[in-house]
Amino acid sequence: MSATPEEQSAKKQYGGWNKQYQHHSKTLGCDMKFSVFTPPAADKQKVPVSLLAKSVSARSSQERAKHILVCQVLYFLSGLTCDDQTFIVKSNAQRKASEHGIALVTCDTSPRGLNIDGEEEDWDFGTGAGFYLNATQPKWRQYRMYDYVVKELPEVLQSLAGLDVHKASVFGHSMGGHGALTIFLKNSGVYKSVSAYAPICNPINVQWGRKAFSGYLGDDQSTWKEYDATELVKQYNGPKVPVLIDIGTLDNFKDKQLLPEAFQKAAEGKLDVQLRLQDGYDHSYFTISTFIDDHINHHAKALCKM
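Note that this is a predicted model, so its numbers are computed, not measured.

Asker: Help me understand the overall build of the protein, please; the structure alone is not making it clear to me.
Answerer: Helix and strand counts for the protein come out as 13 helices and 9 strands. Projected onto its principal axes, the C-alpha coordinates of the protein cover approximately 60 × 40 × 35 Å. Sorting the 306 residues of the protein into buried and exposed places 56% on the buried side. Considering only residue pairs separated by 6 or more positions, the protein has 70% of its internal contacts joining residues 24 or more positions apart. As presented, the protein carries roughly 13,200 Å² of accessible surface, and 46% of it is formed by carbon and sulfur atoms.

Right, here's the structure in full:
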């Protein structure tokens with residue numbers, strides 16, 4: 001498999017396109033799939049590369065890129081057991097993204113097919129449970145989803161016309177909400193906005209996080225704080241941006257695995273956290289799809305004013 005993404009499928013929706021790609025990841029050492037929804041604005045505004053080549057001999061490559069890179073990017077990071085298609089198929093985010101001219105990008109939740117002993121044994125560790133960190137334990141050294149999301153994936157996306165990866169925001173669900181918050185906090189100024197559904201806000205103090213961090217990072221708990229949003233926000237000194245978090249009151253994981261109040265308290269004076277407890281909703285994609293417009297609008301305020 002080539003490092004250049006190869007299109008696997010294309011489905012039209014709301015005038016735009018849901019396309020799935022596959023490429024070989026140098027970071028993870030395996031083939032990876034990711035999905036991109038490009039709104040109709042991408043097709044309407046995009047200048048064919050063949051036409052550009054005839055008239056841009058005196059322009060720099062950066063100037064030429066401005067004619068092609070037209071859509072801001074909103075990354076969605078999925079939760080445990082999910083893959084790049086879960087959000088694309090279940091969320092119905094494409095309707096509101098089309099209205100704002102925002103591209104949606106989703107990736108898988110872990111490397112796959114590495115044949116590591118034990119990677120398929122548990123639903124909350126190994127395959128489908130990469131936790132958006134860079135593993136330091138030798139056995140799991142290829143589990144580097146943090147570098148994949150932050151570094152490699154944006155580079156790969158630049159080979160696809162119609163995306164401006166330099167104008168990007170990030171959100172996610174559950175484990176992916178943890179990933180969105182930590183990636184935003186560790187890369188101040190890179191992502192213009194952040195939001196989350198039912199994020200694992202304080203993983204060093206819950207079973208999901210302790211299991212993942214001890215397995216991927218080892219027993220030195222001081223290293224765990226590098227991937228804990230509640231710990232990271234205490235050191236955050238970037239812009240005081242609004243952060244939207246939605247959690248259902250019937251989410252069975254709220255008090256045992258998510259601990260949103262810990263993050264909200266730690267973020268006081270640093271971020272404008274809007275924690276919304278949605279009455280009667282749970283941890284599922286029914287909740288995500290219900291409030292997806294609010295989240296897309298939240299990010300559009302930051303992305304579309306640029």
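Asker: Quick question: what am I supposed to make of the packing of aromatic side chains here?
Answerer: Given two aromatic rings, one states the distance between the centres and the angle between the planes to describe the pair. Taken as a whole and judged by the stated rule, the model has 17 aromatic pairs. Considering the side-chain rings of Phe 76 and Phe 171, the 4.8 Å spacing of their centres and the 80 degrees angle between planes classify their relative orientation as edge-to-face. Remark: Phe 171 occurs in strand β6 (residues 163-173) and Phe 76 occurs in strand β4 (residues 71-77); sequence separation between them is 95 residues. Between Phe 125 and Tyr 216 the ring centres are 4.3 Å apart and the planes differ by 20 degrees, which places this aromatic pair in the stacked class. Residue Phe 125 is located in the loop between β5 (102-107) and α6 (145-157), and its partner Tyr 216 is located in helix α8 (residues 207-217); the two are separated by 91 residues in the primary sequence.

Asker: What exactly am I supposed to notice about the nonpolar core here?
Answerer: Looking at soluble globular proteins, one finds that nonpolar side chains tend to be buried together. Counting residues in hydrophobic clusters, the biggest one holds 72 residues, and the most contacted among them are Phe 34, Tyr 75, Phe 131, Leu 157, Tyr 216, Phe 263 and Leu 271. The element that contributes the greatest number of residues to this core is α6, accounting for 8 residues. The residues touching Leu 271, leaving out its near neighbours within four places in the chain, are Phe 184, Leu 185, Val 233, Tyr 236, Pro 239, Lys 240, Val 241, Val 243 and Phe 263. Grouped together as the second largest cluster of nonpolar side chains are 17 residues, Leu 74, Ile 288, Ile 292 and Ile 296 included.

Asker: Is there a simple way to think about the pairing of strand β2 (residues 16-25) in this case?
Answerer: Two faces, one strand: in a regular strand the side chains alternate between the faces of the sheet. Taking burial as the measure, the 10 residues of β2 include 7 buried ones, the bulk of the element. Hairpin remark: strand β1 (residues 6-13) followed by β2, antiparallel, with 2 residues in the connecting loop; positive phi at Tyr 14, about 50 degrees. Examined bridge by bridge, β2 and strand β3 (residues 30-38) share 9 bridges and lie antiparallel to one another. Within the sheet, the bridge partner assigned to Tyr 21 lies in β3 and is Phe 34. In sequence, β2 turns back onto β3 through a hairpin of 4 residues, with Gly 29 there showing a positive phi of about 75 degrees.

Asker: Is there a simple way to think about α6 in this case?
Answerer: What sets the pattern is the α-helix's 3.6 residues per turn: residues three or four places apart point alike. Along α6, the sharpest kink reaches roughly 35 degrees, centred on Lys 151 and followed within four residues by the proline Pro 154. Counting buried residues along α6, 11 of its 13 residues qualify, which places the element largely inside the surrounding structure. Along α6, the positions that sit buried rather than exposed are Met 145, Tyr 146, Asp 147, Tyr 148, Val 149, Val 150, Glu 152, Leu 153, Pro 154, Val 156 and Leu 157.

Asker: I'm lost on the state of the cysteines in this one. Help?
Answerer: Two cysteines whose sulfur atoms are joined by a covalent bond form what is called a disulfide. Applying the stated criterion across every chain, the model contains 0 disulfides. The thiol sulfur of Cys 30 is not disulfide-bonded, and the nearest other cysteine sulfur, from Cys 107, lies at 12 Å. As a non-bridged cysteine, Cys 107 has Cys 82 as the owner of its nearest cysteine sulfur, 11 Å distant. Residue classification places Cys 107 among the buried positions, given a relative accessible area of 2%.

Asker: Would you explain the sheet that holds β5 in this entry?
Answerer: Where strands meet in a sheet, backbone hydrogen bonds hold them as pairs that are either parallel or antiparallel. Across the sheet, 9 strands lie side by side as β1-β2-β3-β5-β4-β6-β7-β8-β9; this open sheet has mixed pairing. Looking at which strands have only one partner, the edges of the open sheet turn out to be β1 and β9 (272-278). On average, each strand axis in the sheet is inclined to that of its neighbour by 20 degrees, with strand direction left out of account. Relative to β6, β4 is paired through 7 bridges, and the arrangement is parallel. The residue bridging Leu 77 from the neighbouring strand is Gly 172, located in β6. Packed onto the sheet, helix α13 (residues 292-303) meets β4, β5, β6, β7 (191-197), β8 (242-248) and β9 and runs at close to 165 degrees relative to β7.

Asker: Please clarify how unusual backbone geometry should be interpreted in this entry.
Answerer: Most peptide bonds are trans, and most residues other than glycine sit at a negative phi. Residue Tyr 14 is not a glycine yet carries a positive backbone phi of 50 degrees. Summarising the element assignment, Tyr 14 is placed in the loop between β1 and β2. In this structure Tyr 14 comes out as partly exposed when scored by relative accessible area, which is 40%. Within the chain, Thr 81 stands out as a residue other than glycine whose phi angle is a positive 75 degrees. Assignment of secondary structure puts Thr 81 in the loop between β4 and α4 (84-90).

Asker: I would appreciate a short explanation of the environment of Tyr 75 in the present structure.
Answerer: Considering the arrangement of structural elements, one finds Tyr 75 in strand β4. Residue Tyr 75 is classed as buried on the basis of its relative accessible area of 2%. Spatially, the C-alpha atoms of Tyr 75 and Phe 171 are 6.3 Å apart, while their sequence positions differ by 96 residues. Those residues in contact with Tyr 75, other than ones at most four positions away along the chain, are Val 105, Leu 153, Pro 154, Leu 157, Val 165, Ala 168, Ser 169, Val 170, Phe 171 and Tyr 191.

Conventions and cut-offs
Residues numbered from 1 in each chain as written. Predicted model: local features only at pLDDT ≥ 70, side-chain atom pairs only at ≥ 80, totals over all residues. Heavy atoms only, no water. Helix = DSSP H or I, 4+ residues; strand = E, 2+ residues; numbered from the N terminus. Buried < 20%, exposed > 50% of the residue type's maximum accessible area, 1.4 Å probe, protein only. Contact = heavy atoms within 4.5 Å. Areas by Shrake-Rupley, 256 points an atom, 1.4 Å probe, with all protein chains shown as cover. Phe/Tyr/Trp six-rings, centres within 6.5 Å; stacked < 30°, edge-to-face > 60°. Core = buried A, V, L, I, M, F, W, Y, C linked by side-chain atoms within 4.5 Å. Pairing = 2+ DSSP bridges. Bend = angle between axes of the 7 residues up to and from the residue. Disulfide = S-S within 2.5 Å. Axes fitted to C-alpha atoms, helices over the stretch in contact; angles between N-to-C directions.

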